[in-house]
Amino acid sequence: MEMIKERAAPRVERLNEALGARMVGFDLSKPLSRSDIETILKAFAEHAVLVFHGQKLEPADLSRFTRHFGPLEVHHMAELPFPDFPEVRILSNVRKDGKLIGANRAGRHWHSDLSYLDETGLATFLYCVETPPAGGNTKFADMAAAYEALPKEMKRKVDGRTAIHDRNFRYSELYPDRKPLTPEQIAAVPPSEHPLVIQHPVTGRKALFVAKDVVSHIVGMEETESRALIDALEAFATQDRFVYSHPWQVGDLVVWDNRSTLHQATPYDEAEYRRIMYRTQCKGSVPIPAVA
Ligand code: SIN
């Protein structure tokens with residue numbers, strides 16, 4: 001008789017002191033029950049980063065799961081590796097016939113996905129197909145905890161301020177191995193102004209909304225002071241005490257909330273090892289300014 005491998009009963013386990021939860025007992029390759037979806041969405045609001053180990057997902061599964069969080073987003077730089085699923089991207093260093101199968105070295109700087117659009121990123125989903133034995137982690141910083149821990153004088157400097165998020169600001173420095181953006185690509189993604197402190201639409205928690213390589217300046221602040229404050233805010237928010245670093249295993253799916261976290265991919269030995277990730281995202285909304 002064939003042995004049926006039982007899944008553990010669904011449960012949510014805190015990942016570490018900083019943020020995140022391990023989601024045990026969910027099989028995302030199948031449609032989920034209403035109660036499982038409610039558990040997952042509640043954990044998402046509460047923990048901001050959810051880790052599901054041991055998944056076996058096709059692009060269709062990833063799309064179906066993503067839709068529970070909001071409408072699918074097709075990235076403006078999407079390479080469309082799966083014609084039936086334009087919302088699924090590949091991030092990889094692997095080449096086929098000399099051509100990369102997806103975006104390589106994406107997001108090696110701290111950022112919140114699509115923060116440079118008027119409607120910024122909500123949830124991002126990353127699924128591990130192949131991973132190197134060391135390196136290639138994704139790090140997450142808890143921007144709500146960082147805001148709460150900010151010294152009073154820094155809070156006074158950021159409360160009520162807005163900042164300019166600009167995809168084009170440091171693009172050529174961040175991606176020296178990619179083709180420079182064309183004038184049309186630059187014009188297609190103009191900068192956006194957002195509050196420096198935003199309020200989470202579900203939890204009401206305030207969070208810093210800033211990343212030094214994407215935010216060009218703070219509105220109405222002198223240039224040197226603005227740059228120093230942006231750099232100081234990112235350095236403060238990305239201290240170890242606010243960070244969870246995810247070491248990938250094949251079959252991991254990680255979902256994160258771009259409204260309360262920054263994330264950053266870390267390097268690995270690309271000459272020796274392969275890394276293949278599938279990625280989706282759902283549409284976000286205009287960030288809510290935090291009220292004092
Ligand atoms: C990203 O989505 O910014 C990349 C994350 C990663 O590849 O670890």
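Note that the structure is predicted; figures quoted are calculated from it, not measured. (Residues numbered from 1 in each chain as written. Predicted model: local features only at pLDDT ≥ 70, side-chain atom pairs only at ≥ 80, totals over all residues. Heavy atoms only, no water.)

Undergrad: I keep staring at the sheet that holds strand β1 (residues 11–14) and nothing clicks. Help me out?
TA: Within a sheet, adjacent strands bond to each other through the backbone by hydrogen bonds, running parallel or antiparallel. Pairing within the open sheet is mixed, and its seven strands lie in the order β1-β2-β3-β15-β7-β17-β4. If you trace the sheet from one side to the other, it starts and ends with β1 and β4 (89–92), each paired once. Looking at each pair of strands side by side, their axes are set apart by 25° on average, direction ignored. Across four bridges, the pairing between strand β3 (residues 49–52) and strand β15 (residues 253–257) is antiparallel. Residue valine 51 lies in a different strand from β15, and its bridge partner there is valine 254. Of the strands in this sheet, β3, β7 (123–130), β15 and β17 (276–281) are in contact with helix α2 (residues 59–67), which crosses β17 at around 35°. (Pairing = 2+ DSSP bridges. Helix = DSSP H or I, 4+ residues; strand = E, 2+ residues; numbered from the N terminus. Axes fitted to C-alpha atoms, helices over the stretch in contact; angles between N-to-C directions. Contact = heavy atoms within 4.5 Å.)

Undergrad: What is the right way to read the site of the ligand from this model?
TA: Around the ligand, the structure places Leu91, Ala106, Gly107, His111, Leu126, Thr138, Trp256, His263, Ala265, Arg275 and Arg279. One nitrogen or oxygen atom from the side chain of histidine 111 is found 3.0 Å from an oxygen atom belonging to the ligand. In the environment of the ligand, an oxygen atom lies 2.9 Å from a nitrogen or oxygen atom belonging to the side chain of arginine 275. For the ligand, whose accessible area on its own is 260 Å², the fraction buried by protein is 97%. In the shell around the ligand, the residues fall into five nonpolar, four polar and two charged. (Near = heavy atom within 4 Å. Polar contact = N/O pair within 3.5 Å; in protein donor to acceptor, adjacent residues only side chain to side chain. Areas by Shrake-Rupley, 256 points an atom, 1.4 Å probe, with all protein chains shown as cover. Nonpolar A, V, L, I, M, F, W, Y, C, P; charged D, E, K, R; others polar.)

Undergrad: Help me out: how do you make sense of α2 in this one?
TA: An α-helix turns once per 3.6 residues; consequently, residues spaced three or four apart project the same way. Along α2, the positions that sit buried rather than exposed are Pro59, Asp61, Leu62, Ser63, Phe65 and Thr66. Buried residues along α2 sit against α1 (34–47), β3, β7, β15 and β17. (Buried < 20%, exposed > 50% of the residue type's maximum accessible area, 1.4 Å probe, protein only.)

Undergrad: Mind showing me how you'd approach the environment of phenylalanine 85 here?
TA: As for its placement among the helices and strands, phenylalanine 85 is situated in the loop between α2 and β4. Judged by relative accessible area, phenylalanine 85 falls into the partly exposed class, the value being 24%. Discounting residues that sit within four places of it in the chain, phenylalanine 85 has contacts with Pro59, Ala60 and Ser63.

Undergrad: How should I be thinking about unusual backbone geometry in this particular structure?
TA: Among all residues except glycine, the phi angle is most often negative; among peptide bonds, the trans geometry is most common. In this structure, arginine 105 is a non-glycine residue whose phi angle is positive, near 55°. By secondary structure assignment, the location of arginine 105 is in the loop between β6 (99–100) and β7. Despite not being glycine, leucine 114 has its phi angle at roughly 60°, a positive value. Of note, leucine 114 is situated in the loop between β6 and β7. Overall, the relative accessible area of 3% leaves leucine 114 in the buried class.

Undergrad: Is there a simple way to explain the pairing of strand β2 (residues 21–24) in this structure?
TA: Within a regular strand, the side chains alternate between the two sheet faces. Pairing between β1 and β2: four bridges, direction antiparallel. Across the sheet, valine 12 pairs through a bridge with methionine 23, a residue of β2. Once β1 ends, the chain turns through six residues before running back antiparallel as β2, passing glycine 20 with a positive phi of about 95°. The parallel pair β2 and β3, bridged by α1, forms a crossover whose chirality is right-handed. (Right-handed = clockwise from strand over helix to strand, strands pointing away.)

Undergrad: Just to check I follow, could you spell out the packing of aromatic side chains for this structure?
TA: Aromatic rings in a pair are described by how distant their centres are and how their planes are angled relative to each other. Applying the stated criterion across every chain, the model contains eleven aromatic pairs. Judged by centre distance (5.9 Å) and plane angle (85°), the rings of phenylalanine 65 and phenylalanine 125 are edge-to-face. You can see phenylalanine 65 sitting in helix α2 and its partner phenylalanine 125 sitting in strand β7, a full 60 residues away along the chain. The burial state of phenylalanine 65 is the same as that of phenylalanine 125; both residues are buried. A ring pair is formed by phenylalanine 236 and phenylalanine 242, whose centres lie 5.7 Å apart and whose planes are at 40°; its orientation type is tilted. Across this residue pair, the class does not change: phenylalanine 236 and phenylalanine 242 are buried. In textbook terms, an aromatic cluster arises when at least three aromatic residues are bridged by ring pairs, as seen for Phe26, Phe44, Phe52, Phe65, Phe69 and Phe125. Over the ring of tyrosine 147 we find lysine 155, and its NZ or CZ is 4.9 Å from the ring centre. One Lys or Arg, arginine 178, reaches over the ring of tyrosine 175 and ends 3.8 Å from the middle of that ring. (Phe/Tyr/Trp six-rings, centres within 6.5 Å; stacked < 30°, edge-to-face > 60°. Lys NZ or Arg CZ within 6 Å of the ring centre and 35° of its normal.)

Undergrad: Explain the sheet that holds strand β9 (residues 162–165) to me, please; I cannot follow it from the model alone.
TA: Taken in spatial order, the three strands line up as β10-β9-β13 in an open sheet, and their pairing is antiparallel. Two strands close off the open sheet at either side, each with one partner strand: β10 (192–195) and β13 (215–218). The mean inter-strand angle of the sheet, taken between neighbouring strand axes irrespective of direction, is 30°. Examined bridge by bridge, β9 and β10 share four bridges and lie antiparallel to one another. Across the sheet, threonine 162 pairs through a bridge with proline 195, a residue of β10.

Undergrad: Before we go on, may I ask you to explain the nonpolar core in this structure?
TA: Nonpolar side chains tend to gather and get buried jointly when the protein is soluble and globular. With 34 residues, the main nonpolar core has Met143, Leu150, Val158, Leu196, Leu208, Val210 and Leu233 as its most contacted residues. Of all the secondary-structure elements, those providing two or more residues to this core are α3 (143–149), α4 (152–158), β11 (197–199), β12 (206–208), β13 and α7 (223–237). Residues contacting leucine 233, with those up to four places away along its chain left out, are Leu150, Met154, Val158, Leu196, Leu208 and Val210. In terms of nonpolar packing, the next biggest core, distinct from the first, is built from 28 residues, Ile40, Phe44, Val255 and Tyr278 among them. (Core = buried A, V, L, I, M, F, W, Y, C linked by side-chain atoms within 4.5 Å.)

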